[in-house]
Amino acid sequence: MKEQNNFWAHNLKFLRNRKKMTQDDLATALQCTRTKLKALETGATRNPPLEDQILISDFFKIDIDTFVRLDLSQLGELRLRELEAGDMSYITGKKMRVLATTITPDNKEQVEMVSHKAQAGYTAGYTDPDYISSLPVFHMPQLPADRKFRMFPVKGESMLPVPEGAFVIVEYIQDWSHLKDGTPCVVITKNEGIVFKMVYNRIQQSGQLHLVSLNPLFKPYDLPVSEVLEMWKYNSYWTNTDLTPQPDMDAILQALGKLDAKVERLVSNTNATN
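In this report, the structure presented in the accompanying data block is examined. Model, not experiment: these values are computed from the prediction.

1. Points about the side chain of S236
Note on placement: S236 falls in strand β9 (residues 228-238). At a separation of 3.0 Å, a polar atom in the side chain of S236 contacts the side chain of N235.

Written out as structure tokens, the structure reads:
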């Protein structure tokens, strides 16, 4: 059984099986006894000596910190090969850059708006300067000048009370590894397109993000970080009927509390009639 935030034994067995090696094979390769290897693999040795950790880490070409903190069985083969090559950048998001942006003639950042029509092409064009330059732009002096912002449309009702049709103003996240749990984000994905969710950081534990809707009628789900192209942190939202930016997330969470109470009453009334 895996201890919280310690996947050493689990990963050792996973990597051995990935190489199609028996315990005898690996023990021979490491020049140790099968009994010792079994104890390491089952977790019977709770705190493996540092020399054993270094030996096994070097054999599998996975750094010790990753060996302990990340559930390697949740990663695809391509990501495992990247780890073996010493590349950890996909975990932090450091490979992902806003390579294309727009500025005013006096060199001030503008806020690009990804319209409903343009949204379909964003996952293919997010690094293309021509695509980005084709988007409508705004200059919003109230936003911090040293950060990058963009606007995305809200689809559906999963993030009520942020209404469908609103545009969320979001800040680009450079390093995903320090993302705080419960941060509302627009997540650009390879296969699901653009989603707006509350994000819980499970990158170190399992290489995943846990995505939760504000609307409790929508079920949460996990997304492998390898599927993520970009992440943008919520700042505020705009609607067509109200041209002033809405309050920060505190106001939204207050409204969510009222929604939770309504749902709870609805469930109680339903149970009472059954």
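2. Structural notes on the pairing of strand β4 (residues 167-172)
The buried count for β4 comes to six of six residues, which makes it a mostly enclosed element. Here strand β3 (residues 149-153) pairs with β4 via five bridges, running antiparallel. The residue bridging F152 from the neighbouring strand is V168, located in β4. Note that β4 and β9 share six bridges and pair antiparallel. The residue bridging I169 from the neighbouring strand is S236, located in β9.

3. Digging into helix α3 (residues 34-42)
Taken residue by residue, α3 has L37, A39, L40 and E41 as its buried positions. Buried residues along α3 sit against α1 (8-18), α2 (23-30) and α4 (50-60). One or two residues past the end of α3 sits G43, with phi positive at roughly 90 degrees.

4. Some points on the packing of α1 against α3
Direction vectors running N to C along α1 and α3 enclose 120 degrees, while the axes themselves pass 6 Å from each other. By the angle between their directions, the pair α1 and α3 is classed as oblique. Here W8, A9, L12, K13 and R16 of α1 come into contact with α3, specifically with L37, L40, E41 and T42.

5. So, the packing of α1 against α4
Any two packed helices are characterised by the angle at which their axes cross and by the distance between the axes. In the contact formed by α1 and α4, the axes pass within 12 Å of each other and the chain directions differ by 35 degrees. Between α1 and α4 lies a crossing whose hand is left-handed. Only Q53, I56 and F60 of α4 make contact with α1, whose side of the interface consists of W8, L12, L15 and R16. By residue class, the composition of the contact of α1 with α4 is five nonpolar, one polar and one charged.

6. With respect to the environment of K61
Within the secondary structure, K61 is located in the loop between α4 and α5 (64-69). Counting along the chain gives 25 residues from K61 to G86, while the straight-line C-alpha distance between them is 7.8 Å. With near-sequence residues (within four places) excluded, K61 lies in contact with L83 and E84.

7. Overview of α4
Looking only at α4, the buried set comprises D52, Q53, I56, S57 and F60. The arc that holds every buried residue of α4, seen down its axis, measures 125 degrees, which confines them to one face. For α4, exposure combined with an orientation more than 90 degrees from the buried face picks out L50, E51 and D58. Positive backbone phi, approximately 60 degrees, marks K61, located one or two places after α4.

8. As for the layout of surface pockets
Reported here for the largest pocket is a volume of approximately 300 Å³. Looking at the lining of the largest pocket, the elements that each hand over two or more residues are α8 (116-119), β3 and β6 (194-202). Of the residues forming the lining of the largest pocket, the biggest block, four residues, is contributed by β6. Its residues placed into classes, the lining of the largest pocket shows nine nonpolar, five polar and three charged.

9. Overview of the sheet that holds strand β1 (residues 111-113)
Pairing within the open sheet is mixed, and its nine strands lie in the order β2-β1-β3-β4-β9-β5-β6-β7-β8. Unpaired on one side and paired on the other, β2 (137-138) and β8 (221-224) mark the two borders of the sheet. Across four bridges, strand β7 (residues 208-212) lies against β8 in antiparallel orientation. From the neighbouring strand, Q208 faces β8, where its bridge partner is P224.

10. Considerations on the packing of aromatic side chains
The geometry of an aromatic ring pair comes down to the distance between the two centres and the angle between the two planes. Using the criterion set out here, one finds nine aromatic pairs in the structure. Measuring from ring centre to ring centre gives 4.4 Å for W8 and F67, while their planes differ by 35 degrees; the resulting arrangement is tilted. Of this pair, W8 sits in helix α1 while F67 is found in helix α5, placing the two residues 59 residues apart along the sequence. Of the residues examined, W8 reaches a relative accessible area of 4% and is grouped as buried. Of the residues examined, F67 reaches a relative accessible area of 0% and is grouped as buried. Each ring, one from F196 and one from Y234, has its centre 6.0 Å from the other, and the planes form 20 degrees; the classification is stacked. Of this pair, F196 sits in strand β6 while Y234 sits in strand β9, and the two are 38 residues apart along the sequence. Just as F196 is buried, Y234 falls in that class too. Through successive ring pairs, a cluster of aromatic residues spans Y122, Y126, Y131, F152, Y172 and W232.

Parameters and conventions
- Residues numbered from 1 in each chain as written.
- Predicted model: local features only at pLDDT ≥ 70, side-chain atom pairs only at ≥ 80, totals over all residues.
- Heavy atoms only, no water.
- Helix = DSSP H or I, 4+ residues; strand = E, 2+ residues; numbered from the N terminus.
- Polar contact = N/O pair within 3.5 Å; in protein donor to acceptor, adjacent residues only side chain to side chain.
- Buried < 20%, exposed > 50% of the residue type's maximum accessible area, 1.4 Å probe, protein only.
- Pairing = 2+ DSSP bridges.
- Contact = heavy atoms within 4.5 Å.
- Axes fitted to C-alpha atoms, helices over the stretch in contact; angles between N-to-C directions.
- Parallel < 35°, antiparallel > 145°, perpendicular 65-115°, else oblique.
- Left-handed = near helix turned anticlockwise from the far one by under 90°.
- Nonpolar A, V, L, I, M, F, W, Y, C, P; charged D, E, K, R; others polar.
- Arc of directions from axis to C-beta.
- 1 Å grid on protein atoms, 1.4 Å probe; cavity = no way out; pocket = protein on both sides within 12 Å on 5 of 7 lines; lining within 4 Å.
- Points joined across faces, edges and corners; volume = space filled by probe spheres on them.
- Phe/Tyr/Trp six-rings, centres within 6.5 Å; stacked < 30°, edge-to-face > 60°.

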